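Secondary and tertiary structure notes
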Amino acid sequence: MNEQQSLAYVSTVADALGLTLDEEQVQRVAAHLQRTAAMADLLSSAALGPHDEPAALYCPAPFPTHDMNQP
């Protein structure tokens, strides 16, 4: 997404959400959007495999065996 596309996108979304942004605010939001997109591109290009995000580390709390409303 180039600068003009980012500016158009931010203006359109702001209008759709009923947000009033002046030109300076639109430019700042568009700059942050472009920076975020660049970071996402870097992450997307990283060679990651399933072992890089081990889901086995998730350990939910045990389900309570007694009524929480009674003392």
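Data block above holds the structure.
Residues numbered from 1 in each chain as written. Predicted model: local features only at pLDDT ≥ 70, side-chain atom pairs only at ≥ 80, totals over all residues. Heavy atoms only, no water.

**Remarks on helix 2 (residues 23-45)**
Structurally, the α-helix is built with 3.6 residues per turn, so residues lying three or four positions apart point the same way. Going by this rule: Runs of E in the DSSP output that reach at least two residues are strands. Runs of H or I that reach at least four are helices, and both are numbered from the N terminus. To estimate the expected span of a helix, subtract one from its residue number and multiply by 1.5 Å. Two N or O atoms count as a polar contact when they lie within 3.5 Å, although within protein this holds only if one can serve as hydrogen donor and the other as acceptor, and sequence-adjacent residues are included solely when both atoms are side-chain atoms.
If you check helix 2, its first and last C-alpha atoms are 33 Å apart, about what 23 residues at 1.5 Å a residue would give, namely 33 Å. Structurally, the start of helix 2 carries an N-cap: the backbone nitrogen of Glu24 is 3.1 Å from a side-chain oxygen of Asp22.

**Let's talk about the pattern of salt bridges**
Cut-off, in case you're wondering: The working definition used for a salt bridge is a side-chain nitrogen of Lys or Arg within 4 Å of a carboxyl oxygen of Asp or Glu. A simple rule labels every residue: compare its accessible area, found with a 1.4 Å probe on the protein chains alone, to the largest value its type can have, and call it buried under 20%, exposed over 50%, or partly exposed in between.
In the structure shown here, the tally under the stated rule is 1 salt bridge. Notably, a salt bridge pairs Glu24 with Arg28, separated by 2.8 Å at the nearest N-O pair. Taken together, the residues Glu24 and Arg28, both in helix 2 and 4 residues apart, mark about one turn of the helix. Classification of Glu24 by relative accessible area gives exposed; the value is 52%. Look at Arg28 and you get partly exposed, because its relative accessible area is 44%.

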